[in-house]
Amino acid sequence: MASRDFYATLGVPRGASPEEIQRAYRKLARTYHPDVNKDPGAEERFKDVAEAYAVLADAEQRRRYDAFGEDFRRVPPDMDPETWSRINAAGRSGEGRGRGEGRRRGTASGTRFRTAGSPDIDLESLFGNLFGGAGGGWAGPAPGADQEAELDLSVEEAYTGGRRTVTLASPDGPRTLTVTIPPGVTDGQRIRLAGQGGSGAAGATAGDLYLVVRLIPHPRYRVSGRDITAELPLSPWEAALGTSVAIDTPGGEAKVRVPRGTSSGRRLRLRGRGLPNPRGRPGDLYAEASIKVPARLSADERRLFEQLATTSTFDPRSQ
C-alpha cells in the first residue's frame, strides 16, 4: 500500500488535538459525502478522509502510525520498533512463517476502529515463539474484538430512519455496508451490526461493530434527547394579536397556535412531534417565538407604527 500522510489528508498538524481532528473530519465528511457531493472523485476523497480519521481518532492507532509510518497496520499493539525489526528479520530468514503469518492476520492488531470494551490481548499467547517464548504453539481460537465507528446523520435521517449505505475504514481498506437505521435514533445511540467487528483468530467468531450516531448540526433544529426546538418567526401583530401559523418539522408541516401577547423566546409545545420512540413516548417539538420587524417600511406601515407609538402605553423595559 502506498504511503500516505493522514494528517495532510485531514489538513491538521501532527500535534493536533483529538478535538481538532474530529472537527476537521466532520467538516470534510459533510463536504465529500457521496449523498451530498456528486462530483467525480468525491467518493474516493470521502473514503480517504474516513480512513485517515479512523486511524488518527484512535489514540493507540495514532501512536503506532506516528511510530511506524506505513508499516503500522502490520504492527501488533504495544510493540516497540526494535522488537518489530527483529520479527521482520526472523520472517525474512524463514522463521515464524506458516502458522505465524496466519496468526498475525487473525489478530485485531490492524483494526482502525476503537475497540469497544474488550480486555487487553496477551500477545505472547497469540504469537507463541515468534517472540522467543518457550511454548511456541498457537493458543487456540480468539474471538474478534468489538469495534466502534461514528455515523453522522442529519436530523431528518434520524427522524425517519431507513436504509443507508456507509463507507468505513478497515484493516484491508475501506468497506461499504448497508445499515438499517431505526426511526428516532438519538445522538450517542449505538447501532449494532453483528459479526461486522474485528476478525476472529483460528476460526473464532468475529466481533460486533457498533455505529455511534452523531447528529449533524442543523440550520433550523436544535435537538436535546428526543425533543426538538425550532425557531418560529412572527410579525409584531401576529405576536400581539395571536394567530395560527404553519411550521416545518422533520415529520412534515404542523400548525402552531400562537397565543395573544407572545414575546420572543416563548416556547410553544407540540406534543409528540419530536423524534419518534419505537419503545415509548416520542419527544416533543418546541416552537420558539422570534419576533421579526420589516427591514423597510412602506408609507402606510410607517404611519401605523407611528400611530401605535403615540397611542400605546406599553414599555417593554419596565416588564
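This report concerns the structure included in the present document. Keep in mind the model is a prediction, meaning the values are calculated, not measured.

**Describing the overall build of the chain**
Phase 1 of the analysis: Across its full length, the chain carries 10 helices and 12 strands.
Phase 2 of the analysis: Burial statistics for the chain: of 319 residues in total, 40% are counted as buried.
Phase 3 of the analysis: The contacts of the chain with a sequence gap of at least 6 include a subset with a gap of at least 24, amounting to 57%.
Phase 4 of the analysis: Total accessible area on the chain is roughly 17900 Å²; 49% of this is exposed by carbon and sulfur atoms.

**So, the sheet that holds strand E8 (residues 227–234)**
Where strands meet in a sheet, backbone hydrogen bonds hold them as pairs that are either parallel or antiparallel.
Phase 1 of the analysis: Here four strands make up an open sheet; going across it, the order is E7-E8-E12-E11 and the pairing mixed. For this open sheet the edge positions go to strand E7 (221–224) and strand E11 (267–270), each flanked by a neighbour on one side alone. In this sheet, adjacent strand axes meet at a mean angle of 30 degrees when their direction is disregarded.
Phase 2 of the analysis: Inspection of the sheet shows E7 paired to E8 by four bridges, in the antiparallel sense. Among the inter-strand pairings, Ser-224 is bridged to a residue of E8, identified as Asp-227.

**So, the side chain of Thr-167**
Phase 1 of the analysis: Tracing the backbone shows Thr-167 in strand E3 (residues 162–168).
Phase 2 of the analysis: Residues contacting Thr-167, with those up to four places away along its chain left out, are Phe-46, Lys-47, Ala-50, Pro-174, Arg-175 and Thr-176.

**A few points about the environment of Pro-233**
Phase 1 of the analysis: Within the secondary structure, Pro-233 is located in strand E8.
Phase 2 of the analysis: You can call Pro-233 partly exposed: its relative accessible area is 47%.
Phase 3 of the analysis: Residues Pro-233 and Ser-264 lie 31 residues apart in sequence; the distance between their C-alpha atoms is 9.0 Å.
Phase 4 of the analysis: Other than its neighbours up to four places away in sequence, Pro-233 contacts Glu-238, Ser-290 and Lys-292.

**Focus on the nonpolar core**
Phase 1 of the analysis: With 35 residues, the main nonpolar core has Ile-191, Leu-211, Leu-232, Ile-247 and Val-256 as its most contacted residues.
Phase 2 of the analysis: Other than its neighbours up to four places away in sequence, Leu-232 contacts Val-245, Ile-247, Val-256, Val-258, Leu-268, Ala-287, Glu-288, Ala-289 and Ser-290.
Phase 3 of the analysis: Ranked by size, the runner-up nonpolar core spans 19 residues in total, among them Phe-6, Leu-28, Ala-52 and Phe-68.

**Quick look at the packing of aromatic side chains**
Phase 1 of the analysis: According to the stated counting rule, one finds three aromatic pairs in the structure shown.
Phase 2 of the analysis: With 6.1 Å between their ring centres and 40 degrees between their planes, Tyr-7 and Tyr-65 make a pair best called tilted. Residue Tyr-7 is located in helix H1 (residues 6–10), and its partner Tyr-65 is located in helix H4 (residues 59–68); the two are separated by 58 residues in the primary sequence.
Phase 3 of the analysis: Tyr-7 gets classed as buried once you look at its relative accessible area, which sits at 1%.

**Considerations on the packing of helix H2 (residues 18–32) against helix H3 (residues 42–56)**
Phase 1 of the analysis: At a minimum axis separation of 9 Å, H2 and H3 run at an interaxial angle of 165 degrees. Considering the angle they form, H2 stands roughly antiparallel to H3. Where H2 crosses over H3, the two elements pack in a sense that is left-handed. Touching Ile-21, Gln-22, Tyr-25, Leu-28, Ala-29 and Tyr-32 of H2 are Ala-42, Glu-43, Arg-45, Phe-46, Val-49, Ala-50, Tyr-53 and Leu-56, all from H3.
Phase 2 of the analysis: Here the contact of H2 with H3 is built from residues that sort into 11 nonpolar, one polar and two charged.

**Looking at the pattern of salt bridges**
Phase 1 of the analysis: As enumerated under the stated definition, the model contains 16 salt bridges in all.
Phase 2 of the analysis: When the shortest N-O distance is used, the salt bridge between Glu-150 and Arg-26 registers 3.8 Å. You can see Glu-150 sitting in strand E2 (residues 147–153) and its partner Arg-26 sitting in helix H2, a full 124 residues away along the chain.
Phase 3 of the analysis: Salt bridges here are not isolated pairs; linked through shared partners, they connect Arg-26, Glu-150, Asp-187 and Arg-214.

**Considering the environment of Asp-5**
Phase 1 of the analysis: Relative to the helices and strands, Asp-5 is located in the segment before H1.
Phase 2 of the analysis: For Asp-5, a relative accessible area of 37% puts it in the partly exposed group.
Phase 3 of the analysis: For Asp-5 and Gly-69, which are 64 residues apart along the polypeptide, the C-alpha to C-alpha distance reads 8.7 Å.
Phase 4 of the analysis: Setting aside residues no more than four positions away along its own chain, Asp-5 makes contact with Arg-14 and Tyr-65.
Phase 5 of the analysis: A distance of 2.9 Å separates a polar side-chain atom of Asp-5 from the backbone nitrogen of Tyr-7.

**Examining the environment of Gly-207**
Phase 1 of the analysis: Looking at where Gly-207 falls in the secondary structure, it is placed in the loop between strand E5 (190–193) and strand E6 (209–215).
Phase 2 of the analysis: Overall, Gly-207 belongs to the buried group, its relative accessible area being 3%.
Phase 3 of the analysis: Apart from residues lying up to four places away in sequence, Gly-207 is in contact with Gly-144, Ala-145, Asp-146, Gly-195, Gln-196, Gly-197 and Gly-198.

So, how was this worked out
- Residues numbered from 1 in each chain as written.
- Predicted model: local features only at pLDDT ≥ 70, side-chain atom pairs only at ≥ 80, totals over all residues.
- Heavy atoms only, no water.
- Helix = DSSP H or I, 4+ residues; strand = E, 2+ residues; numbered from the N terminus.
- Buried < 20%, exposed > 50% of the residue type's maximum accessible area, 1.4 Å probe, protein only.
- Contact = heavy atoms within 4.5 Å.
- Areas by Shrake-Rupley, 256 points an atom, 1.4 Å probe, with all protein chains shown as cover.
- Pairing = 2+ DSSP bridges.
- Axes fitted to C-alpha atoms, helices over the stretch in contact; angles between N-to-C directions.
- Core = buried A, V, L, I, M, F, W, Y, C linked by side-chain atoms within 4.5 Å.
- Phe/Tyr/Trp six-rings, centres within 6.5 Å; stacked < 30°, edge-to-face > 60°.
- Parallel < 35°, antiparallel > 145°, perpendicular 65-115°, else oblique.
- Left-handed = near helix turned anticlockwise from the far one by under 90°.
- Nonpolar A, V, L, I, M, F, W, Y, C, P; charged D, E, K, R; others polar.
- Salt bridge = Lys/Arg side-chain N within 4 Å of Asp/Glu carboxyl O.
- Polar contact = N/O pair within 3.5 Å; in protein donor to acceptor, adjacent residues only side chain to side chain.

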